[in-house]
Amino acid sequence: MRVHLVDATYELFRAFYAVPSSPGPDGAEVAGARALGRSLLNLLSDPQVTHVACAYDHVIESFRNDMFAGYKTGAGIDPALYSQFPLAEELTIALGITNWSMIEFEADDALATFAARAAQMPEVEQVVICSPDKDLAQCVQGTRVVTLDRMRQKLMDENGVHEKFGIGPESIPDWLALVGDTADGIPGVARCGAKSAAAVLAEYTHLDDIPDNPGDWRIKVRGAPALAASLAESREAAYLYRELAKLRRDVPLHESLDALRWRGPNQPLLGALCERLGDESVQPRAFEGCTEVEIVLSRGLADEADLGEIRAGAAVRAAGHAHADRIVTESSLLDDGFKVGEQQ
């Protein structure tokens, strides 16, 4: 079997910027959540998709904000997008998909955790992380754990990571520490470009093993003296940036592999959500291919009343955030592959 793990935060951002604004029957903006729902239905229509989970950043801030004041926050995100996060999570649950709602950790940490766990299970043939986010390239293992850019239908295994970045998956956090990541608020090391960083790490793998003296380097890199001097001055900061970029694999996810098996949508919840979305086409499509419809809710939620936990996320977002140093804007999201105007 294959396990499909969806970076739902990325998917919602992409959907929001890809489709025109559209209010639901109550006047609230729902276009992004509606497009996300259709995208997830497309995924579920693939007969190879039998075990699936979605991970969301229930709030954008995480433990990393306590490590570095400049790390990304929810400040600057379009309120019309932010308000759709609770709706998107409700829709995921109504579709019968396991939903991981991250607060202390990030969605990527949840994906990394379960990918590492599932890769050790003999019954799992392959783990497919559905995201083009470069952070998640560090999770790739041979052809067993791969990433998938669903929009471009491009699968990336370990050879693909080498081809794209010039380094192996184990060096991705070190590379991000050197070149920076504008989407996450990681500044990187001055005068360190993507190609020079890849060349050095292809030889040394990790920051710790790069000599301070460029004369001791085993490879020739253009601008090596300036690069080495900059790294020597910023080595401690680079170590911190690497920790920020390194995905956690110890998120307390309690679901078993069988809990990720898709058994069909929750009809009552999905029907109510279709009315809120103003999109009745979602419900019949969700039942296509189901031979036995079981009511399955992620994370042990028992009924619609329990979804108040997720709806409360809207209040959390409206209340503001303690970490406002890093402003996430549309332009920074474009750096990680979001394309305004692209259709799903």
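Before any of the text, the structure's been laid out above.
Quick summary incoming for the structure in this document.

Rules used in this analysis
- Residues numbered from 1 in each chain as written.
- Predicted model: local features only at pLDDT ≥ 70, side-chain atom pairs only at ≥ 80, totals over all residues.
- Heavy atoms only, no water.
- Axes fitted to C-alpha atoms, helices over the stretch in contact; angles between N-to-C directions.
- Helix = DSSP H or I, 4+ residues; strand = E, 2+ residues; numbered from the N terminus.
- Left-handed = near helix turned anticlockwise from the far one by under 90°.
- Contact = heavy atoms within 4.5 Å.
- Buried < 20%, exposed > 50% of the residue type's maximum accessible area, 1.4 Å probe, protein only.
- Pairing = 2+ DSSP bridges.
- Phe/Tyr/Trp six-rings, centres within 6.5 Å; stacked < 30°, edge-to-face > 60°.
- Core = buried A, V, L, I, M, F, W, Y, C linked by side-chain atoms within 4.5 Å.
- Salt bridge = Lys/Arg side-chain N within 4 Å of Asp/Glu carboxyl O.

### Some points on the packing of helix 5 (residues 85-94) against helix 11 (residues 267-277)
Step number 1: Relative orientation of the contacting elements helix 5 and helix 11 amounts to 145°, with a least axis distance of 9 Å. In this structure, helix 5 meets helix 11 at a crossing whose hand is left-handed. Of the residues in helix 11, those touching helix 5 at Leu87, Glu90, Leu91 and Ala94 are Leu269, Leu270, Leu273, Arg276 and Leu277.

### Notes on the pairing of strand 4 (residues 126-130)
Step number 1: Of all five residues that make up strand 4, five are buried, and the element is covered over most of its length.
Step number 2: Going residue by residue along strand 4, you find Gln126, Val128 and Cys130 tucked away on one face and Val127 and Ile129 tucked away on the opposite face as well.
Step number 3: When strand 1 (residues 2-7) meets strand 4, the two strands line up parallel, connected through five bridges. Within strand 4, the position partnered with arginine 2 by the bridge is glutamine 126.
Step number 4: In the sheet, strand 4 pairs with strand 5 (residues 145-149) via four bridges, with the strands oriented parallel. Counted as the bridge partner of isoleucine 129 is threonine 147 from strand 5.

### Focus: helix 9 (residues 194-204)
Step number 1: Every buried residue of helix 9 is accounted for by Ser196, Ala197, Ala198, Val200, Leu201 and Tyr204.
Step number 2: On the buried face of helix 9, the contacting elements are helix 7 (158-165), helix 8 (172-179) and helix 10 (224-245).
Step number 3: Threonine 205 sits one or two residues past helix 9 and shows a positive phi near 75°.

### Quick look at the packing of aromatic side chains
Step number 1: Under the counting rule described, the total for this entry stands at seven aromatic pairs.
Step number 2: Ring centres of phenylalanine 63 and phenylalanine 105 lie 5.8 Å apart, and the angle between their planes is 65°; on these two criteria the pair is classed as edge-to-face. In this pair, phenylalanine 63 is assigned in the loop between strand 2 (51-57) and helix 3 (64-67) and phenylalanine 105 in the loop between strand 3 (98-102) and helix 6 (107-118), connecting sequence segments 42 residues apart.
Step number 3: The exposure class assigned to phenylalanine 105 is buried, which follows from its relative accessible area of 10%.
Step number 4: Between the aromatic rings of phenylalanine 68 and tyrosine 241, the centroid separation amounts to 5.8 Å while the plane-to-plane angle is 65°, which identifies the pairing as edge-to-face. Taken together, the residues span a long stretch of sequence, with phenylalanine 68 in the loop between helix 3 and helix 4 (79-82) and tyrosine 241 in helix 10 at a distance of 173 residues. Both residues of the pair, phenylalanine 68 and tyrosine 241, belong to the buried class.
Step number 5: Three or more aromatic residues joined by ring pairs make a cluster, and in this case those are Phe13, Tyr82 and Phe85.

### Overview of the environment of alanine 31
Step number 1: Here alanine 31 shows up in helix 2 (residues 31-44).
Step number 2: Taking the relative accessible area as the measure of exposure, alanine 31 reaches 7% and is therefore buried.
Step number 3: Spatially, the C-alpha atom of alanine 31 lies 9.5 Å from that of alanine 18, the residues being 13 residues apart in sequence.
Step number 4: For alanine 31, the residues in contact, after removing those within four places along its chain, are Val19, Pro20, Ser21, Ser22 and Gln84.

### Focus on the sheet that holds strand 5
Step number 1: Taken together, the six strands give an open sheet; going across it, the order is 3-2-1-4-5-6, and neighbouring strands pair in mixed fashion. Edge positions in the sheet fall to strand 3 and strand 6 (154-156), since each has one partner strand and no second. The mean angle between the axes of side-by-side strands here comes to 25°, regardless of whether they run parallel or antiparallel.
Step number 2: As judged from the three bridges shared by strand 5 and strand 6, these two strands associate in the antiparallel manner. For leucine 148, the partnering residue across the bridge sits in strand 6 and is leucine 155.
Step number 3: Helix 6 rests against strand 1, strand 2, strand 3, strand 4 and strand 5 of the sheet, and its axis sits at about 170° to strand 1.

### Section: the nonpolar core
Step number 1: Ranked by size, the top nonpolar core spans 38 residues in total, and within it Val52, Leu81 and Ile97 carry the most contacts.
Step number 2: If you list the elements that add at least two residues to this core, you get helix 1 (8-18), helix 2, strand 2, helix 4, helix 5, strand 4, strand 5 and helix 11.
Step number 3: Ranked by residues supplied to this core, first place goes to helix 2 with six residues.
Step number 4: If near-sequence neighbours (up to four positions away) are discounted, valine 52 is found in contact with His4, Val6, Leu43, Leu44, Ile97, Thr98, Leu260 and Trp262.

### So, unusual backbone geometry
Step number 1: Its identity is not glycine, yet glutamine 153 carries a phi of approximately 50°, on the positive side.
Step number 2: Within the secondary structure layout, glutamine 153 lies in the loop between strand 5 and strand 6.
Step number 3: The phi angle at threonine 205 is positive, at roughly 75°, despite the residue not being glycine.
Step number 4: Mapped onto the elements, threonine 205 comes out in the loop between helix 9 and helix 10.
Step number 5: Exposure remark for threonine 205: the relative accessible area of 26% places this residue in the partly exposed category.

### Overview of the pattern of salt bridges
Step number 1: Applying the stated criterion to the full structure yields 18 salt bridges.
Step number 2: Close ionic contact of glutamate 125 with arginine 2 constitutes a salt bridge, the shortest N to O distance being 3.6 Å. One end of the pair, glutamate 125, is in the loop between helix 6 and strand 4; the other, arginine 2, is in strand 1, with 123 residues separating them in the sequence.

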